[in-house]
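Chain by chain, the residues run as shown.
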Number of protein chains: 2
Amino acid sequence: MTKKKKVVVIGGGTGSFTVLSGLKKYPDLELTAIVSMADDGGSTGKLRDEYGVLPPGDIRQCLVALSNSDDLMRELFNFRFSGGSLTGHNFGNIFISAVEKMTGSFNDALKVISLILNVKGQVLPVTLAKVHLVAELNNGKIISGQNEIANNHLVSRFGVKKIYFDKKAKANPEALRSIKEADLIVVGPGNFYSSLIPNFLVQDISGTLIKSRAKKVYVCNLMNQYGQTDNFSVSDFVRGIELFIKPSIFDCIIYNKTFPSRELLAKYVDEGQPVLFGQVQATDKHKYIGTDLLNNKIPKKVKGDTIQRTLIRHDQDKLAKEIVALS
Amino acid sequence: MTKKKKVVVIGGGTGSFTVLSGLKKYPDLELTAIVSMADDGGSTGKLRDEYGVLPPGDIRQCLVALSNSDDLMRELFNFRFSGGSLTGHNFGNIFISAVEKMTGSFNDALKVISLILNVKGQVLPVTLAKVHLVAELNNGKIISGQNEIANNHLVSRFGVKKIYFDKKAKANPEALRSIKEADLIVVGPGNFYSSLIPNFLVQDISGTLIKSRAKKVYVCNLMNQYGQTDNFSVSDFVRGIELFIKPSIFDCIIYNKTFPSRELLAKYVDEGQPVLFGQVQATDKHKYIGTDLLNNKIPKKVKGDTIQRTLIRHDQDKLAKEIVALS
């Protein structure tokens, strides 16, 4: 039996869900998700505010992606209450937070829920520190909280100058170990300031990543977001991330080069435009792989969900195929 | 291999939890719980009001009793949130209601959760009708809802004349089948008008019980509740239940004949007195078994619980021993 290849996916939320769901279909990969802990919006934000727990939302999405339970259990974890005092709450989030409150340990909660969901692989919070994201805008204004940064109109108007945590965040030692032992590390896709960058604001994550002998791949977002990544090209994204991980680490950049339909783009008109992919050229440092990565199915709106979700998404199978070809 | 004896426990809430927890330790019994669906207080009441679900609370207690999961999962199902928007909600109740909402079926919810909790045996709602309990008091006043009946001071002042559901309730066919096939049927203990009688207000339950060839045992409560069972003796309880199940069906009545400590009785001074057990005499109809059934451990108050819980309880092992001796 050949040794399984160790693949680490760094991100959070829907982007990591897509990558993990695609890679899960390759049985010779051993998957680990390292997940941003900056989320403080929606159901997750309410649970953090009211119960002082760590953010369950991104973690839940990765657990569901790696779950080998039947569809019912996976759907249950994503089920949202609509109406009543539980409105907007996601059952999986309540589940994770209840076990954390009961045991006093987020790690224990993940172990219990990984068993229940029959998770193959590991889902690791990048840090166990209770941190909040802070953005300094180009006009000097300070915006606190990931959800606020994602939604405050001043962010899109003035743009982000600097982003940091409200306190020091030590890395989860298990996350560091998995980076050290990885054969392939996939960063992204994901909301730039909410899901991606917060991973690299955690102490020692970038340093360990730089030292790791794994092949490193960056999967670029499909869409820009006003105020965060205005008119970014694929190369701008790479440069943007590399501000937080110096020196340049990516062996390869995977990006989409198909335009979404006019119908879908029309729905995005207030949020952003496709990432610019026309100008991409291979450099000495990076190998660029541009191909069609679009998911042509439009996801249904989940009743009770209070957060704006991405409609233009990566196709998990197309994306996994490109990643696996590099491993 | 000898055939397992089929034991059906009829009740709801803490009483059934105690009986089932004790009987579970006897591997040659096949246990079924038939559970009252009248509860509308606390976490259960909120979920019923806000999401139109069937009452999960009593069902949850029976599932936990029959669970062979580790302690963590069992504790998780009984975990209550304190503070915040989930305050007073019980995690297991939310779990049951989320699966019911998602699948549209209470029965499916029970199947899923029975698997997760590794339940040995069956837990069956006595009815799948969404009923509410109504009491007519001796002063003519109508009180609606189980929780209201249990707590309204008028009930204790004037006493209950008549009790019924707000609509017809068909029996769960699986509950009827289990009664027909039972070798031993245990009724009680449990709150008289909240947990016990509502089972017999469901169509065909009493009729099927009367026809069943099983040995039938009634386990009498330890304590009286003002307004519901004022100064009841053990025989008064039997007569009270038999008003709803005619003709007399019990082969045997098990009752406690030890006084609780003064310390515990002092805590009950506003709620009720011990059931009178001094006058019990065997009749032609019934065999009475009186013995020490008291649990000497005082249960801890669960943080966040909004319902008054019983402190004077049956000892599950003492009770199970008496029941098994009859099987």
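Thresholds applied
- Residues numbered from 1 in each chain as written.
- Chains lettered and ligands numbered in written order.
- Predicted model: local features only at pLDDT ≥ 70, side-chain atom pairs only at ≥ 80, totals over all residues.
- Heavy atoms only, no water.
- Least-squares fit on C-alpha atoms with pLDDT ≥ 70 in both.
- Contact = heavy atoms within 4.5 Å.
- Pairing = 2+ DSSP bridges.
- Helix = DSSP H or I, 4+ residues; strand = E, 2+ residues; numbered from the N terminus.
- Axes fitted to C-alpha atoms, helices over the stretch in contact; angles between N-to-C directions.
- Buried area = accessible area lost by both parts, 1.4 Å probe.
- Salt bridge = Lys/Arg side-chain N within 4 Å of Asp/Glu carboxyl O.
- Polar contact = N/O pair within 3.5 Å; in protein donor to acceptor, adjacent residues only side chain to side chain.
- Nonpolar A, V, L, I, M, F, W, Y, C, P; charged D, E, K, R; others polar.
- Buried < 20%, exposed > 50% of the residue type's maximum accessible area, 1.4 Å probe, protein only.
- Phe/Tyr/Trp six-rings, centres within 6.5 Å; stacked < 30°, edge-to-face > 60°.
- Lys NZ or Arg CZ within 6 Å of the ring centre and 35° of its normal.
- Parallel < 35°, antiparallel > 145°, perpendicular 65-115°, else oblique.
- Left-handed = near helix turned anticlockwise from the far one by under 90°.

(A) Examining the relation of the copies chain A and chain B more closely. In screw terms, the move from chain A to chain B is a rotation of 180° and a rise of 0.0 Å along the axis, fitting with an RMSD of 0.0 Å. Accordingly, the operation relating the two chain copies is best matched by a two-fold axis. Of the interface residues in chain A, 100% have counterparts in chain B that sit at the interface too, so the contact is made through matching surfaces.

(B) Geometry of the sheet that holds strand E6 (residues 160-165) of chain B. Residues and elements named next belong to chain B. Taken in spatial order, the 3 strands make up an open sheet running E5-E4-E6, and their pairing is antiparallel. The two strands at the open ends of the sheet, each matched to only one other strand, are strand E5 (142-144) and E6. Taken over all neighbouring pairs, the strand axes of this sheet differ in orientation by 20° on average, direction set aside. Judged from the 5 bridges that link them, strand E4 (residues 133-137) and E6 form a sheet pairing that is antiparallel. By the bridge assignment, alanine 135 is partnered in E6 with isoleucine 163. Strands in contact with helix H10 (residues 192-200) are E4 and E6; relative to E6, the strand with the most contacts, it is inclined by about 55°.

(C) Just the interface of chain A and chain B, in detail. The interface is formed by 27 residues belonging to chain A together with 27 residues belonging to chain B. Carbon and sulfur atoms make up 83% of the area that chain A and chain B hide from each other, which totals about 2300 Å². Summed over the shared surface of chain A and chain B, the result is 0 salt bridges. For the pair chain A and chain B, the number of links is 6 residue pairs in polar contact (both at pLDDT 80 or more). Elements represented by at least two residues in the side of chain A that touches chain B include exactly helix H2 (42-51), helix H4 (71-78), helix H5 (91-103) and helix H6 (106-116) of chain A. Tallied by class, the residues present in the side of chain A that touches chain B amount to 16 nonpolar, 7 polar and 4 charged.

(D) Spotlight on unusual backbone geometry. That bond from glycine 188 of chain A to proline 189 of chain A is cis: its omega, -5°, falls within 30 degrees of zero. Phi is positive for asparagine 118 of chain B, close to 50°, though the residue is something other than glycine. Mapped onto the elements of the fold, asparagine 118 of chain B is located in the loop between helix H6 (106-116) and strand E3 (122-125). Since its relative accessible area comes to 32%, asparagine 118 of chain B is described here as partly exposed. We note that asparagine 231 of chain B has phi near 50°; this positive angle belongs to a residue other than glycine. As for its placement among the helices and strands, asparagine 231 of chain B is situated in the loop between strand E8 (215-219) and helix H12 (234-242). For asparagine 231 of chain B, a relative accessible area of 58% translates into the label exposed.

(E) A look at the sheet that holds strand E1 (residues 5-11) of chain B. Residues and elements named next belong to chain B. In space, the 7 strands of this open sheet follow the order E3-E2-E1-E7-E8-E9-E10, with parallel pairing throughout. Two strands in the sheet have a free side with no partner beyond their single neighbour: E3 and strand E10 (287-291). Here the average twist between neighbouring strands, direction ignored, is 20°. Alignment of strand E2 (residues 29-35) against E3, held across 4 bridges, turns out to be parallel. Note that in E3 the partner of isoleucine 34 across the bridge is leucine 124. With respect to the sheet, helix H9 (residues 173-181) is in contact with E1, E2, E3 and strand E7 (184-187), its orientation differing from that of E3 by roughly 125°. Here H10 sits on the sheet in contact with E1, E2, E7 and E8, set at roughly 115° to E1.

(F) Broad picture of the packing of aromatic side chains. Counted by the stated rule, this structure contains 28 aromatic pairs over all chains. Plain terms: the ring middles of phenylalanine 79 of chain A and phenylalanine 81 of chain A are 5.2 Å apart, the flat faces sit at 80° to each other, and that makes the pair edge-to-face. One exposure class covers both phenylalanine 79 of chain A and phenylalanine 81 of chain A, and it is buried. A centroid spacing of 5.0 Å and a plane angle of 75° characterise the contact between phenylalanine 192 of chain B and tyrosine 193 of chain B, whose relative ring orientation is edge-to-face. Its relative accessible area of 3% is what places phenylalanine 192 of chain B among the buried residues. When the ring centre of tyrosine 164 of chain A is taken as origin, the NZ or CZ atom of lysine 162 of chain A, which lies over that ring, is 5.3 Å away.

(G) Structural context of helix H10 (residues 192-200) of chain A. Residues and elements named next belong to chain A. When you tally the buried positions in H10, you get 9 out of 9 residues, the bulk of the element. For H10, the complete set of buried residues consists of Phe192, Tyr193, Ser194, Ser195, Leu196, Ile197, Pro198, Asn199 and Phe200. Where H10 begins, the capping side chain belongs to asparagine 191, and its oxygen is found 3.4 Å from the backbone nitrogen of tyrosine 193.

(H) Quick peek at the packing of H10 of chain A against helix H12 (residues 234-242) of chain A. Residue and element names in this part refer to chain A. Orientation of H10 relative to H12, taken along the N-to-C sense of each, is 40°, at an axis distance of 10 Å. Considering their axes alone, H10 and H12 lie oblique with respect to each other. Of the residues in H12, those in contact with Phe192, Leu196, Ile197 and Phe200 of H10 are Phe237, Gly240 and Ile241. The class makeup of the residues in the contact of H10 with H12 is 6 nonpolar, 1 polar and no charged.

(I) Spotlight on the pairing of E7 of chain B. Residue and element names in this part refer to chain B. What you see with E7 is no split at all: Leu184 and Val186 on one side and Ile185 and Val187 on the other are buried throughout. Bridging between E1 and E7 involves 4 bridges; their strand directions are parallel. Counted as the bridge partner of valine 9 is valine 186 from E7. In terms of strand pairing, E7 meets E8 through 4 bridges, oriented parallel.

(J) Representation of the packing of helix H5 (residues 91-103) of chain B against H6 of chain B. All names here are of chain B. Remark: H5 packs on H6, axes separated minimally by 8 Å, with the N-to-C direction vectors making an angle of 130°. As summarised for this structure, H5 and H6 are arranged oblique, according to the angle between their axes. Seen along the crossing, H5 lies across H6 with a hand that is right-handed. Within the contact between the two elements, H5 uses Phe95, Ile96, Val99, Glu100 and Thr103 and H6 uses Phe106, Asp108, Ala109, Val112, Ile113 and Ile116. The residue inventory of the contact of H5 with H6, partitioned by class, reads 8 nonpolar, 1 polar and 2 charged.

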